[in-house]
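The chain contents come next:
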Number of protein chains: 2
Amino acid sequence: MIITIGRQYGSGGREIGEKLAKRLDYAYYDTMILEKTAKESGISRELIMRYDEQLRDKWMAGLASGSGTGSADHLPLALRVVLAQFEVIRKIGQSGSAVIVGRCADYVLRERKDVLSVFIHADRERRADRVSARNQISLEEAKKRIKNTDKHRAAYYNCYTEKIWGSAESYHLCIDSGRFGIDGAVDYLETCIRQLRQV
Amino acid sequence: MIITIGRQYGSGGREIGEKLAKRLDYAYYDTMILEKTAKESGISRELIMRYDEQLRDKWMAGLASGSGTGSADHLPLALRVVLAQFEVIRKIGQSGSAVIVGRCADYVLRERKDVLSVFIHADRERRADRVSARNQISLEEAKKRIKNTDKHRAAYYNCYTEKIWGSAESYHLCIDSGRFGIDGAVDYLETCIRQLRQV
């Protein structure tokens, strides 16, 4: 089974994913998808990071102007990076049970029946506290970073998946980690997945 | 504890709420809120139904033009109906554990710490099948009804709650009843609530 986790910045989605993977004895992937993509595609890690969960270039305009000729080499760089990442996610999906955080994994693996797509969110204050403590920055700075990161994640997700980031209907399950706590959310997800596996 | 359930039309939210209430031995409220509102406010049931989860009048324009003078009698009818409904929901919240479907109950009871707000959704095809079978109408007609009802529910919710209907962050928990099934969703909610009550 594959669990994909979308998350608001600072909501604890990554921590929840890691703990869940440990409990279920599943493989766990987040930023290491970037390393794998670099290794398999030959594109540098720096470039891959530059386009990770961001929409930086107006590459669609490039596509529309006819620069694409069918060969992947002619695709805009941003799109080549995304497609290489999607390919890595597809392979991860074929190699056994896993928890995958971010990077539109829910969309890449949408045809599979054994995927549970999850979205983790929390109220702004709680996320600001978390981001501020983790990065040793002011609350104000944390709030800016949250707004900015979520804006990029939403734009990236909405562009590549034709769904809406953070909208309930884009996911099988959405959980407020502020209401349940990180460990509470892990508990519920674990219960839920064990029930699903029995069906 | 109070469970509030928002739901897409045809997602089975009401059935899930009823089954959940039965399992937990909680009181259950959906349209009977209308009867209670009629009885307690003296407004006719017909009028209350007319404004139930709908934004029919441009009553805000009326408010802005200064027709309100502080007495509830001078408020636009739509708003008087909504406030009477909210008052009934507040009283329900004070009278013991309950499951309440729709009518912005999550917003009305937002200050309470013992509320779990849930949103139930499902993919369009599954909802159309359900609505078509239940109402003995064509799939096409069912899809129209779904679109129309959800539009009204969203407008009503967004107006009175200052949150966004169907957005993950407006709720503690969002569940795809298509992925889990009606009974699966009930199972999962029950587990979740029993765990929350132990904290």
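Report follows, based on the coordinates. (Residues numbered from 1 in each chain as written. Chains lettered and ligands numbered in written order. Predicted model: local features only at pLDDT ≥ 70, side-chain atom pairs only at ≥ 80, totals over all residues. Heavy atoms only, no water.)

### Points about the state of the cysteines
A covalent bond between the sulfur atoms of two cysteines is what we call a disulfide.
(1) Moving on: For the structure shown, the criterion picks out 0 disulfides over all chains.
(2) Moving on: In this structure C104 of chain A is not part of a disulfide, and its nearest cysteine sulfur, from C159 of chain A, lies 8.7 Å away.
(3) Moving on: Here C192 of chain A is not disulfide-linked; the sulfur of C192 of chain B is the nearest cysteine sulfur, at 9.4 Å.
(4) Moving on: We classify C192 of chain A as buried; its relative accessible area is 2%. (Disulfide = S-S within 2.5 Å. Buried < 20%, exposed > 50% of the residue type's maximum accessible area, 1.4 Å probe, protein only.)

### Quick word on the relation of the copies chain A and chain B
Superposing the two chain copies requires a rotation about an axis and a translation along that axis.
(1) Moving on: When chain A is fitted to chain B, the best match, at an RMSD of 0.0 Å, comes from turning it 180° and sliding it 0.0 Å along the axis. Given the turn and translation reported, the copies of this chain are related as if by a two-fold rotation axis.
(2) Moving on: Most of the interface of chain A is mirrored in chain B, where 96% of its interface residues are also at the interface. (Least-squares fit on C-alpha atoms with pLDDT ≥ 70 in both. Contact = heavy atoms within 4.5 Å.)

### As for the packing of aromatic side chains
(1) Moving on: What the rule picks out here adds up to 12 aromatic pairs over all chains.
(2) Moving on: Ring geometry for F119 of chain B against W165 of chain B: centres 5.3 Å apart, planes inclined by 90°, an arrangement best described as edge-to-face. Here F119 of chain B is found in strand β4 (residues 115-121), whereas its partner W165 of chain B is found in the loop between α8 (139-161) and β5 (173-176), with 46 residues between them in sequence. An identical accessibility class is assigned to F119 of chain B and W165 of chain B; each is buried.
(3) Moving on: An aromatic cluster of at least three residues, connected via ring pairs, comprises F119, Y157, W165 and Y171 of chain A. (Phe/Tyr/Trp six-rings, centres within 6.5 Å; stacked < 30°, edge-to-face > 60°. Helix = DSSP H or I, 4+ residues; strand = E, 2+ residues; numbered from the N terminus.)

### Looking at the pattern of salt bridges
Residues and elements named next belong to chain A.
(1) Moving on: Applying the stated criterion across every chain yields a total of 32 salt bridges over all chains.
(2) Moving on: Notably, a salt bridge pairs E53 with R103, separated by 3.7 Å at the nearest N-O pair. Within this pair, whereas E53 is found in the loop between α3 (45-51) and α4 (59-64), its partner R103 is found in the loop between β3 (98-101) and α6 (105-108), the two being separated by 50 residues in sequence.
(3) Moving on: In this structure R103 comes out as buried when scored by relative accessible area, which is 3%.
(4) Moving on: In this structure, a network of salt bridges that share partners links the residues R7, D52, E53 and R103. (Salt bridge = Lys/Arg side-chain N within 4 Å of Asp/Glu carboxyl O.)

### A few points about the sheet that holds strand β3 (residues 98-101) of chain B
(1) Moving on: Taken together, 10 strands build an open sheet; the order of strands is β2(A)-β3(A)-β1(A)-β4(A)-β5(A)-β5(B)-β4(B)-β1(B)-β3(B)-β2(B) and the sheet is mixed. With one partner strand each, in any of the chains shown, β2 (27-29) of chain A together with β2 (27-29) of chain B form the two edges of the open sheet. The average undirected angle you get between the axes of adjacent strands in this sheet is 20°.
(2) Moving on: Strand direction decides the pairing type here: strand β1 (residues 2-7) of chain A and β3 of chain A, joined by 4 bridges, are parallel. Counterpart to I5 of chain A in the pairing with β3 of chain A is V101 of chain A. (Pairing = 2+ DSSP bridges. Axes fitted to C-alpha atoms, helices over the stretch in contact; angles between N-to-C directions.)

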